[in-house]
Amino acid sequence: MAEDANTATNGLAARPPRSVLVEARRTLCSPPQLTTKERRELLRQGRGDAKRRLTYVSEEGELVSPFNEMMIQEANSQIAAVWLKCDGIMFDLRVFLEHERTRRETLYGRLTELYGERDAVLSAIRNATFDGDAGTSDYLVSKRKAKRERDARACFDEEEATLRKSIRGIAVSMAAAAEDYRDAEDIGATHEGIVRQEYLRKLSIYLYGASRYVRVAPEMVNDGSLSNGPRRRHDERFAGYDPDLS
């Protein structure tokens with residue numbers, strides 16, 4: 001029988017619950033927005049830091065700002081955290097997919113064996129002479145053999161149906177797991193994009209406040225300081241793996 005998709009198979013691999021992905025997707029559908037109070041605080045912070053020379057532009061044209069460094073660290077922590085969670089989900093899903101693929105191949109192998117066993121048994125029944133056949137009409141002997149064939153075939157057909165039902169169940173669970181795998185990766189990339197946009201909004205407002213005392217160039221508002229490490233490590237971990245080919 002096919003196991004439930006979210007249940008461990010033989011105590012080994014289990015597909016991570018969809019609730020984790022559903023909650024993450026729900027968060028992405030309603031990303032946090034800066035309130036009016038937060039905007040005003042960023043403006044005051046930028047104006048105050050620039051006035052006290054905590055924020056300034058170096059001779060090389062680089063923005064120097066401890067507050068911006070703090071925002072960068074906060075954004076990097078959020079990006080790293082979501083990729084860590086998504087990578088964990090995807091790793092578990094990959095283990096699950098590989099385990100299910102092995103189970104599926106084992107069942108297909110058993111099907112092949114079953115066909116060979118069925119042919120051998122049916123052939124033996126057709127060619128065998130059973131006790132009680134001697135002295136019996138050919139018609140009655142053929143009727144008995146036909147019944148024995150039907151009974152034997154029914155046993156094999158029952159096992160074949162059970163195997164095929166299990167294979168269909170595995171196919172369904174693998175398709176769901178592959179969808180979750182792609183969804184987890186999309187959530188990681190989308191969440192990183194949201195964090196980067198939020199950082200740019202905060203930086204833009206902060207520098208607007210600082211522009212009263214510091215000459216701010218438009219190109220200073222960029223996310224180049226944010227880390228690409230989590231996404232790069234993600235790509236290295238899962239490069240070349242296609243869940244649909246499992």
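Parameters and conventions
- Residues numbered from 1 in each chain as written.
- Predicted model: local features only at pLDDT ≥ 70, side-chain atom pairs only at ≥ 80, totals over all residues.
- Heavy atoms only, no water.
- 1 Å grid on protein atoms, 1.4 Å probe; cavity = no way out; pocket = protein on both sides within 12 Å on 5 of 7 lines; lining within 4 Å.
- Points joined across faces, edges and corners; volume = space filled by probe spheres on them.
- Helix = DSSP H or I, 4+ residues; strand = E, 2+ residues; numbered from the N terminus.
- Nonpolar A, V, L, I, M, F, W, Y, C, P; charged D, E, K, R; others polar.
- Axes fitted to C-alpha atoms, helices over the stretch in contact; angles between N-to-C directions.
- Parallel < 35°, antiparallel > 145°, perpendicular 65-115°, else oblique.
- Contact = heavy atoms within 4.5 Å.
- Expected span 1.5 Å × (residues − 1).
- Buried < 20%, exposed > 50% of the residue type's maximum accessible area, 1.4 Å probe, protein only.
- Core = buried A, V, L, I, M, F, W, Y, C linked by side-chain atoms within 4.5 Å.

Draft legend 1. Empty space enclosed by the protein, seen in detail. Counted by the stated rule, this structure contains two cavities of 30 Å³ or more. Taken as a whole, the largest cavity encloses approximately 70 Å³ of empty space. Around the largest cavity, the lining residues are Met-71, Glu-74, Ala-75, Gln-78, Val-195, Glu-198, Tyr-199 and Lys-202. Listing elements by their share of the lining of the largest cavity, those giving two or more residues are helix 3 (66–127) and helix 4 (138–210). Residue composition of the lining of the largest cavity, by class: four nonpolar, one polar and three charged.

Draft legend 2. Highlighting the packing of helix 3 against helix 5 (residues 229–238). Contact pair helix 3 / helix 5: the axes reach a minimum separation of 10 Å and the direction vectors enclose 10 degrees. The angle between helix 3 and helix 5 places the two elements in the roughly parallel class. On the side of helix 3, the interface is formed by Ile-79, Ala-80, Trp-83, Asp-87, Met-90, Phe-91 and Arg-94, while helix 5 contributes Pro-230, Arg-231, His-234, Arg-237 and Phe-238. Among the residues forming the contact of helix 3 with helix 5, the class breakdown is seven nonpolar, one polar and four charged.

Draft legend 3. Seen up close, helix 2 (residues 36–51). The first and last C-alpha atoms of helix 2 sit 23 Å apart over 16 residues, in line with the 22 Å expected at 1.5 Å per residue. Where helix 2 is concerned, the buried positions are Leu-42, Gly-46, Gly-48, Asp-49 and Ala-50. Phi for Arg-53, located one or two positions after helix 2, is positive at around 65 degrees.

Draft legend 4. Unusual backbone geometry, seen in detail. Located in the positive-phi region is Arg-53, a residue other than glycine, with phi close to 65 degrees. Position of Arg-53 relative to the elements: it lies in the loop between helix 2 and strand 1 (56–57). A residue is classified by how much of its surface remains accessible, and Arg-53, at 54% relative accessible area, is exposed.

Draft legend 5. Geometry of the nonpolar core. Leu-42, Met-71, Tyr-181, Tyr-199 and Leu-226 are the most contacted members of the largest nonpolar core, which totals 38 residues. Among the secondary structure elements, those contributing two or more residues to this core are helix 3 and helix 4. For this core, the leading source of residues is helix 3, giving 16 residues. Those residues in contact with Met-71 that lie beyond four places of it in its chain are Leu-42, Tyr-199, Lys-202, Leu-203 and Tyr-206.

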